[in-house]
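Chain by chain, the residues run as shown.
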Amino acid sequence: MLSVESFLAIIFEDLSLSNNLDERRSDAKIEMRCGINRSPAWDNSNPMSFQVQVGPPQISIHQGHTVLISEQDGQIHWPSEKGLYFLDTRVVSSWRIYANGEAWELLNGGAITYYTSRIFLTNRSILTEDGTIPQRELGLSISRSISGGMHEDLDIHNNSMRPVKFQLEIVLRCDFADIFEVKAGHIVRRGRIITEWVESRQQLRTVYRNGDFSRSVTIRTHSNKRGVYANGRLSFEVGLPPGEAWHTCLLYTLEDGDKQYVPPRECIGDSHKLHHAETMADWLRTVLKIRTSNQQFSGLYRQALADMAALRLPIEGTDHKVFLPAAGLPWFVAPFGRDSLIVSLQNILIYPEFARGTLDILGSLQAKEEDNYRDAEPGKILHELRYGELAHFKLIPHTPYYGTADATPLYLIALHAAWRATGDPGLLERHLKTAEACLSWIDLYGDRDGDGFQEYQTRSPVGYENMGWKDSGDSVVYPDGTLVKGPKALCELQGYVYDAWVRMAEIFDALGEHERAQALRAKATTLFNRFNEAFWDDNLGFYAYALDGEKKKVLTVASNAGHCLWSGIVTPDRAKKVVERLMAPDMWSGWGIRTLSALNPAFNPYNYQTGSVWPHDNSIIAMGFKSYGFAAEAAQIVNDICEAASHFLLKQLPELYTAFERNEMNFPVQYIGANVPQAWAAGSAFMLMQALLGFLPDAPHKKLYVDPLLPAWLPDLTVQDLRIGKHKFDIHFRREGERTEFEVLKGDAKMVERCSLGLQMVQPSRSPQPNLAQ
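Every value quoted in this text rests on a predicted model; they were computed, and no experiment measured them. (Residues numbered from 1 in each chain as written. Predicted model: local features only at pLDDT ≥ 70, side-chain atom pairs only at ≥ 80, totals over all residues. Heavy atoms only, no water.)

Chemist: Got a minute to help me understand the overall build of the protein in this structure?
Modeler: Along its length, the protein carries 19 helices and 36 strands. With 774 residues in all, the protein has 61% of them scored as buried. In the protein, the share of contacts with a sequence separation of at least 24, taken over all contacts with a separation of at least 6, comes to 65%. Of the roughly 29000 Å² of accessible surface on the protein, a fraction of 51% belongs to carbon and sulfur atoms. (Helix = DSSP H or I, 4+ residues; strand = E, 2+ residues; numbered from the N terminus. Buried < 20%, exposed > 50% of the residue type's maximum accessible area, 1.4 Å probe, protein only. Contact = heavy atoms within 4.5 Å. Areas by Shrake-Rupley, 256 points an atom, 1.4 Å probe, with all protein chains shown as cover.)

Chemist: I would appreciate a short explanation of the packing of helix α10 (residues 407-422) against helix α11 (residues 425-446) in the present structure.
Modeler: Working note: a packed helix pair is described by the angle between its axes plus the distance between those axes. Closest axis-to-axis distance for the α10/α11 pair is 9 Å, and the angle between their directions is 160 degrees. Overall, the two elements α10 and α11 adopt an arrangement that is roughly antiparallel. Between α10 and α11 lies a crossing whose hand is left-handed. Note on element contacts: α11 touches α10 through P425, L427, L428, H431, T434, A435, C438, L439, W441 and I442, opposite T408, P409, Y411, L412, L415, A418, W419 and T422. Across the contact of α10 with α11, the residue classes tally to 14 nonpolar, four polar and no charged. (Axes fitted to C-alpha atoms, helices over the stretch in contact; angles between N-to-C directions. Parallel < 35°, antiparallel > 145°, perpendicular 65-115°, else oblique. Left-handed = near helix turned anticlockwise from the far one by under 90°. Nonpolar A, V, L, I, M, F, W, Y, C, P; charged D, E, K, R; others polar.)

Chemist: How should the nonpolar core be read in this particular structure?
Modeler: Side chains of nonpolar character tend, in soluble globular proteins, to be buried together. With 181 residues, the main nonpolar core has F625, M689, F695, V719 and L722 as its most contacted residues. Considering each element in turn, this core owes the most residues, 12 residues, to helix α12 (residues 491-510). (Core = buried A, V, L, I, M, F, W, Y, C linked by side-chain atoms within 4.5 Å.)

Chemist: How should the pattern of salt bridges be read in this particular structure?
Modeler: Two side chains carrying opposite charge are able to pair once their charged atoms lie near each other. All told, the structure shown has 43 salt bridges when counted by the stated rule. Among the ionic pairs, K82 bridges to E71, the shortest N-O distance being 3.9 Å. Within this pair, whereas K82 is found in the loop between β2 (66-70) and β3 (83-86), its partner E71 is found in the loop between β2 and β3, the two being separated by 11 residues in sequence. Here the two residues K82 and E71 agree in accessibility, since each one is buried. As a salt-bridge pair, R734 and E736 come within 2.6 Å of each other at their nearest N and O atoms. For E736, a relative accessible area of 40% puts it in the partly exposed group. Here the salt bridges do not stand alone but share partners, grouping K289, D721, D730 and K746 into one network. (Salt bridge = Lys/Arg side-chain N within 4 Å of Asp/Glu carboxyl O.)

Chemist: How should the environment of E753 be read in this particular structure?
Modeler: Position of E753 relative to the elements: it lies in strand β36 (residues 752-754). Each C-alpha atom, one on E753 and one on L696, is 9.9 Å from the other, the two residues being 57 residues apart in sequence. For E753, the residues in contact, after removing those within four places along its chain, are K703, L704, Y705 and V706.

Chemist: Help me understand the state of the cysteines in this model?
Modeler: Put plainly, two cysteines are in a disulfide when a covalent bond ties their sulfur atoms together. Counted according to the given criterion, the structure contains zero disulfides. Sulfur of C491: no disulfide; nearest cysteine sulfur belongs to C564 and is 3.9 Å away. For C491, a relative accessible area of 0% puts it in the buried group. (Disulfide = S-S within 2.5 Å.)

Chemist: Where do I start with the packing of aromatic side chains in this structure?
Modeler: We describe a pair of aromatic rings using the distance from one ring centre to the other and the angle between the two ring planes. Under the definition given, this model contains 30 aromatic pairs. With a centroid separation of 5.8 Å and 65 degrees between ring planes, the pair formed by F236 and W246 is classed as edge-to-face. Here the residue F236 occupies a position in strand β18 (residues 233-240), and W246 occupies one in strand β19 (residues 245-256), the gap between them amounting to 10 residues. Of the two residues, F236 and W246, both sit in the buried class. Linked through ring pairs, F453, F531, F535, W536 and Y543 together constitute an aromatic cluster. A cation over a ring is seen here: R312 above F323, with NZ or CZ 4.7 Å from the ring centre. Here R530 stacks its cationic end above the ring of F453, 4.6 Å away from the centre of that ring. (Phe/Tyr/Trp six-rings, centres within 6.5 Å; stacked < 30°, edge-to-face > 60°. Lys NZ or Arg CZ within 6 Å of the ring centre and 35° of its normal.)

Chemist: Would you take a moment to explain the pairing of β18 for this structure?
Modeler: The two faces of the sheet receive side chains in turn, since in a regular strand these alternate between them. The sheet contact formed by strand β12 (residues 164-173) and β18 spans eight bridges and is antiparallel. Following the sheet pairing, E169 is matched in β18 by S235. Note: strand β17 (residues 227-230) against β18, four bridges, orientation antiparallel. Bridging from a neighbouring strand, A230 pairs with R233 of β18. (Pairing = 2+ DSSP bridges.)

Chemist: Quick question: what am I supposed to make of helix α8 (residues 353-364) here?
Modeler: Taking 1.5 Å as the rise per residue, α8 with 12 residues should run 16 Å; its terminal C-alpha atoms sit 17 Å apart, in good agreement. Of all the positions in α8, only E353, F354, A355, G357, T358, L359, L362 and G363 are classed as buried. (Expected span 1.5 Å × (residues − 1).)

Chemist: I'm lost on the pairing of strand β10 (residues 138-147) in this one. Help?
Modeler: Among the 10 residues in β10, nine count as buried, and that is most of the element. Pairing analysis gives seven bridges linking strand β7 (residues 116-123) to β10, with the strands arranged antiparallel. When the sheet's bridge partners are listed, T122 is paired in β10 with G139. Pairing analysis gives 10 bridges linking β10 to strand β11 (residues 149-158), with the strands arranged antiparallel.

Chemist: When you look at α12 in this model, what are you seeing that I'm missing?
Modeler: For an α-helix the count is 3.6 residues per turn, leaving residues at separations of three or four pointing the same way. When the terminal C-alpha atoms of α12 are compared, their 30 Å separation across 20 residues agrees well with the 28 Å that a helix rising 1.5 Å per residue should span. Counting buried positions over the 20 residues of α12 gives 18, a clear majority of the element. G512 occupies a position one or two residues after α12 and carries a positive phi of about 85 degrees.

Chemist: For this particular structure, what's the right way to read the environment of D73?
Modeler: Along the chain, D73 turns up in the loop between β2 and β3. Since its relative accessible area comes to 14%, D73 is described here as buried. Residues D73 and S141, spaced 68 residues apart in sequence, show a C-alpha to C-alpha distance of 9.9 Å. Setting aside its immediate chain neighbours within four residues, D73 contacts L106, I119, L121 and I142. Polar side-chain contacts of D73 include one of 2.9 Å to the side chain of Q75. (Polar contact = N/O pair within 3.5 Å; in protein donor to acceptor, adjacent residues only side chain to side chain.)

Chemist: What is the right way to look at the sheet that holds strand β21 (residues 289-291) in this model?
Modeler: Here we have four strands laid out as an open sheet, ordered β21-β33-β34-β35, and antiparallel in their pairing. Two strands bound the open sheet, and with one partner strand each, they are β21 and β35 (739-746). When strand polarity is set aside, the average angle formed by the axes of neighbouring strands in this sheet is 25 degrees. Here strand β34 (residues 727-736) pairs with β35 via seven bridges, running antiparallel.

Chemist: It is not clear to me how the sheet that holds strand β4 (residues 89-92) should be interpreted in this structure. Could you clarify?
Modeler: To summarise the sheet geometry, strands pair through backbone hydrogen bonds and adopt either a parallel or an antiparallel arrangement. Read from one edge of the open sheet, five strands run β1-β2-β3-β4-β13, paired in antiparallel fashion. Strand pairing shows two members of the sheet lacking a second neighbour, β1 (59-63) and β13 (177-178), which therefore form its edges. In this sheet, β13 lies alongside β4 in antiparallel orientation, the contact comprising two bridges. Residue pairing for β13: R90 is matched across the bridge by A177.

Chemist: Whenever I open this one, the side chain of D698 confuses me. Can you help?
Modeler: Relative to the helices and strands, D698 is located in strand β31 (residues 696-698). Judged by relative accessible area, D698 falls into the buried class, the value being 7%. Leave out the neighbours within four places in its chain, and D698 touches R420, K703 and Y705.

Chemist: Is there a simple way to think about the environment of E199 in this case?
Modeler: For E199, the location among the structural elements is in the loop between β14 (192-198) and β15 (203-210). Residues E199 and R226, spaced 27 residues apart in sequence, show a C-alpha to C-alpha distance of 8.8 Å. If sequence neighbours within four positions are ignored, E199 has contacts with R226 and G227.

Shown next as structure tokens:
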């Protein structure tokens, strides 16, 4: 849907292309598979192009583990996936509002903050015993705020010149369905639901019980307007003189067993007094902020900050500044291993407290024993933890589930990155035992067959077929499009372990355990050499996607090899070939790099991980490009994602999107069911900025290294409140000709040094330094 603002906006964007793009687009087969329309082909000569903005037709607000997804008019229709969710349970599955049985008409509405929304409606013709109320003489606003429970304001204004009287009716239904079953569209009722209306207390309580599992929602009116509950409807008699207003509040208290989550008492006008409004203010004061003349990039970054604030899960027993990042809305408001760790890496210079919270929580839940049902093994970092009915009765393995092959090495990478950013030796002391167990898991369980490579295969009857970041069942395919089944050694898993060993070697050196450090470097050297021998294919000119169960190369072109650049496991002489292959038109859409080559028979841009574009994937690839000295290509990826974001409402990057070839006739399309906001999509903005500026923190030695290269479309960028250890900096970067200069505006300028961070000299036999990606 085109917004009014989009119609009024005139787009003057320099959509720069690499010099050989026209040559690369000559292959007619690629054009057909990629959906390229060459007439007209990405023409800048038409400055009157309108910017199409896309986004889910819904309103989402949340705080903590409470999430409300409604239609744009504030209602919840059943059956659908929308509802009020609480700790992985949908407590309200239907919510509709009428006036004497007539539906209201939507004017407009939306989220005001991530935890508040407001919707404006007007009446259709309403038949009453006093005559007909003509359409559009009444105004209804529905305002909601979430803080534990939910506060709902209903306001009606009589804009006519005569008195009106009618029944305002709210129809409610509570199905208490587990979020897994809602998403699957297969809901099984296992327990009993009881609803009780207490007239004297103006309270409607609905309770679900199944054995020792219980969830409930209590709705209480909070005004002098008394309601009546009958026939599944909560009704109020509204009588209004001309020009007068009517108001009532509904307070939703949510319960998990005996634990209550009470709603805010403040109406929408006072929502700024809520506790998490205060933490939001603290967040914005604390995080790294930017200034730039490029409003598009500024808007992307600003929205990313808001999305990350929205996805903070507070950790009990800590102050209000330490959080675990939730993965995304609405399906993944829960602790995730891989997601939380990558988000922590993306935020390491923005908000390092994410890493602290993530390391604490994931470390506390590290597997201690083997459990095939949950794919748990000693030392393994979890994949996902759930709180709903299915998890409670262990009908799903998410208690937690450990079906991830990459979270364990990523934990080590995040630990090292947090130490380098904060300079806090206490981090190493606190998490060393967890790190040691991670290293043991990599050796004893990650390498399933003792061949020196990391493989995965579920042991659970309900486990995941795939355990890399592309974890859908159809994500790993052969060149002919058929599925790769059984054990798989993904290329990026080898890179993550290589990087983890290199980083842990530096940590052991810092701890004075030099023999341990030397041993890890020796293992990294061996893995580096064996990986480049076993995974590289000269004919393909690219790394294999994986080795299958028979140790045969899966010679499928996919984005995973970009993660190998990020980890530093690629030889310098092959890096250029990897970059060029990823930027070829079957992989590069102009809106970002695809997950799978458009030439593969399994390519489907509308599918989850076989042709779609994922912002976080691109941000990691951009960091890999930069690490090997391909700064211009990294800047191109930054431009791609920034341009794509401009087409989404609020510049809010979704989890993934569909992208045909970029030209003036095309725009990215949001994947159906994509999480919005989504943590590592939002965090992509931060990692993309790092790819441009080349930050490498070394807080233990009181240094910040930079390697900036701003593109022409982003001529200036100032970072504010950049924290390195206990030091804080404001740094202004500006483009002068083809070179990017910088000036330290605040902080100790002697700590900031320019350093070429390209890994053109990568040799595992050296004492490897961490790459700039973190």
